[in-house]
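Single-letter residue listing:
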Amino acid sequence: MKEAGGRVNQNVMLRRRAEKAVSGATEVENLTPVEIGQMIHELQVHQIELEMQNEELQRSQEELEEARLRYFELFDLAPIGYVSLNGSGIVTEANLSAARLLGLERSSLVNRVLSRYLHKEEMDTYYSFQRALIPGGDPKVVELRMKRANGSLLWVRIEARLEVDKAGLPLSRMVLSDITKSREADDDLAEERRKREEVLADLFENAPVAYHEVDQDGVLRRVNAAECAMFGASAGELLGRPAWEMAAAGERAACRKWIMKLLSGEKSEGPIRLNCVRRDAKEFVVDLYCRPLRNGLGEVVGLRAALIDVSDGVRSAQLQILDLEETHRALEANGAALVQTVRALEVEKERAEAATRAKSDFLSSISHEIRTPMNGVIGLTTMLLDTELNAEQRDYTETLRRSGEGLLCIINDILDYSKIEAGKLNLETVPFDLHRVIEDVKELLASNVKGKDLELLHSYDTRAPREFLGDPGRIRQVVLNLVSNAIKFTEYGHVMVEVECRQVNGGVGLMRIAVQDTGIGIPEGSRGMLFQKFLQLDASTTRKYGGTGLGLAISKQMIELMGGSISVVSDLGVGSTFTVEIPLTLGALVQAKQIAGVELKGVRVLVVDDHQICRVLSSELCLHWGMRVSEASAGKEALEMAGDAEAKGDPYRLILMNHIMLEMDGVETALKMRKASFGQQARIVLISSSDDPKNGGLTVAGIALRG
């Protein structure tokens, strides 16, 4: 082994000497003949090795070119599209499949912005998808519509990854797949599922057996007509109640325990027998059968129950259809016939809708015809009131005007209802000031609180925006209806309109308008009827308070047309709060304004009001303006505080005083301040909802009256 290793080392040395000799670094004369022969042999071997390496290199180059051609062939002819986009969204590379997907030549796709081939409604989705890509992050996927060269649309699934090229610039690699057929199949499946659910819902509603469904808390969320008939109650009276309240008082605890056991996932053997109570207090006996409702994970999310009346001891053929799942299987077996039935019902529905539209058009036309002369009657009556009339004539004329306005209000309700039913109620989009809208409502209804121990208040959050784009007329109509109802059903206390902004997102503010009163309240069982057309909570209210029962129903539909919602909470005998939440597009920013050019920051002000809420609202507003605020709850207390402030050398510069107060009213208090030395420098403003002409003399005494 040592000899072989020595020979290899010797050969290497000879090759190096040969290479030096060829290059002229070593003189050949110094070599022996044997060394020269060995050198020639090594050079020949080296030449052969070089030729072999050259052939191997050439073969590698051919294989590399073949692989490159095969890669481009696979890249171009792949069944899905590949594109690369630079940081500006321009296509820098695309395969033939991507171009053919969009019906283009490759040259028409490369160096073009990919977004030009998107459907216009998909732009926001595409740019949000692009912004979500992170260099080196996981691939992102989106499905959206694109346009072919011929204008037709297709659904495309895009999977993209963001990389950084050699120059450090962003480069998006995208895979495009045509999923049009898959999406169409999904849409067809969804439509078929919707139709089947409609059929099932129709059978549930009209089944001869009493059925209901409850949620995870055991609260009734769905009942059919047979169950309503069984209990002698409407769906609105049953829904939202715990299911065990249907049982007689002595059996409710056991029924609740059984239902909650089923909701926890435990199984039950057979039905339970219950004594139940109808709305008219009559008792009857039922067998209650329950089956669990499960979600996609197999979790119990509710119960479906059937109730069989066994009061007379006779079990009818209803027992054969107790289980809704059996009913579903029967429905699937007769699906074709049911679909035909549904189609026939759709035809009848269209005919009924046509008849409804004709009725609405008639209502709209006749309402216009009545409203025109009614406006004339009201206008002439108003002009008549401006003439000289004796007391009896003025009383008759005032009654005529109020009656005309009441009739016009009813006509307007019917006209709005007919427009909504006919789908012809149009919403404006104009700039408006929401704060001004609320103040307009307050001014319009200020006279309605006369004769009542009632304060009409409003609070607009100083942090909330005021200027929006929308339909101020419809918003005013809704708020006017809510405030008018609150005043109508409230004899003493207050009616307050509160406005705040819940959130601002993407140039849209979610505004909350709450109308709160201290009136008679609404019974819990009657709240479900509030927003139904032509319904009042009690028929006697029509005679006592008036109205068509349309106002709240129209308000609800108007708010929903604007994308909002309306709700109510109430305590009987305590009061109610109606809350409107409505998204409004923000308008121009409201610039802060000085009031009459006067700097209010640091000005000392005294707020005098015997109504605590009024006092708090006025004080909060003054504090927002940077004023120094003190409060007094009565005229006597205000006189003492004003005198003390004068004596200490820090007098009040502004006094805001309620006109109507117990013991000593605002006028008497203000006049006493004027007579006293400490009241000479202060600016006194009386706040009143009264339009008594006798108050006109107050300005002579330097007292301003504001409504």
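Quick caveat: nothing in here was measured; it's all calculated off a predicted structure.

Student: Where do I start with the environment of Glu 122 in this structure?
Tutor: Along the chain, Glu 122 turns up in the loop between α4 (106-109) and α5 (123-131). Remark: the alpha-carbon pair of Glu 122 and Arg 145, spanning 23 residues in sequence, is separated by 6.7 Å. Those residues in contact with Glu 122, other than ones at most four positions away along the chain, are Leu 144, Arg 145 and Trp 155.

Student: Which parts of the structure should I look at to understand the packing of aromatic side chains?
Tutor: Overall, the coordinates contain three aromatic pairs when judged by the stated rule. Taken together, a centroid distance of 5.5 Å and an interplanar angle of 65 degrees make the contact between Tyr 126 and Tyr 127 edge-to-face. Overall, Tyr 126 belongs to the buried group, its relative accessible area being 3%. Aromatic side chains Phe 231 and Phe 284 sit 5.4 Å apart centroid to centroid with 65 degrees between the ring planes, which places their arrangement in the edge-to-face category. One end of the pair, Phe 231, is in helix α7 (residues 225-231); the other, Phe 284, is in strand β9 (residues 283-294), and 53 residues separate them in sequence. Look at Phe 284 and you get buried, because its relative accessible area is 8%. Above the face of the Trp 155 ring, Arg 183 is positioned so that its terminal group lies 3.6 Å from the ring centre. Note that Arg 256 overlies the ring of Trp 244, its terminal NZ or CZ placed 5.1 Å from the centroid.

Student: It is not clear to me how the sheet that holds strand β5 (residues 170-178) should be interpreted in this structure. Could you clarify?
Tutor: Sheet strands associate in pairs through backbone hydrogen bonding, adopting either a parallel or an antiparallel arrangement. In spatial order, the strands read β2-β1-β5-β4-β3; together these five strands make up an open sheet with antiparallel pairing. At either end of the open sheet lies a strand with only one pairing partner, and these are β2 (91-94) and β3 (140-147). Within the sheet, the average angular offset between the axes of one strand and its neighbour, ignoring direction, is 30 degrees. As paired elements, strand β1 (residues 81-86) and β2 share three bridges and run antiparallel to each other.

Calculation criteria
Residues numbered from 1 in each chain as written. Predicted model: local features only at pLDDT ≥ 70, side-chain atom pairs only at ≥ 80, totals over all residues. Heavy atoms only, no water. Helix = DSSP H or I, 4+ residues; strand = E, 2+ residues; numbered from the N terminus. Contact = heavy atoms within 4.5 Å. Phe/Tyr/Trp six-rings, centres within 6.5 Å; stacked < 30°, edge-to-face > 60°. Buried < 20%, exposed > 50% of the residue type's maximum accessible area, 1.4 Å probe, protein only. Lys NZ or Arg CZ within 6 Å of the ring centre and 35° of its normal. Pairing = 2+ DSSP bridges. Axes fitted to C-alpha atoms, helices over the stretch in contact; angles between N-to-C directions.

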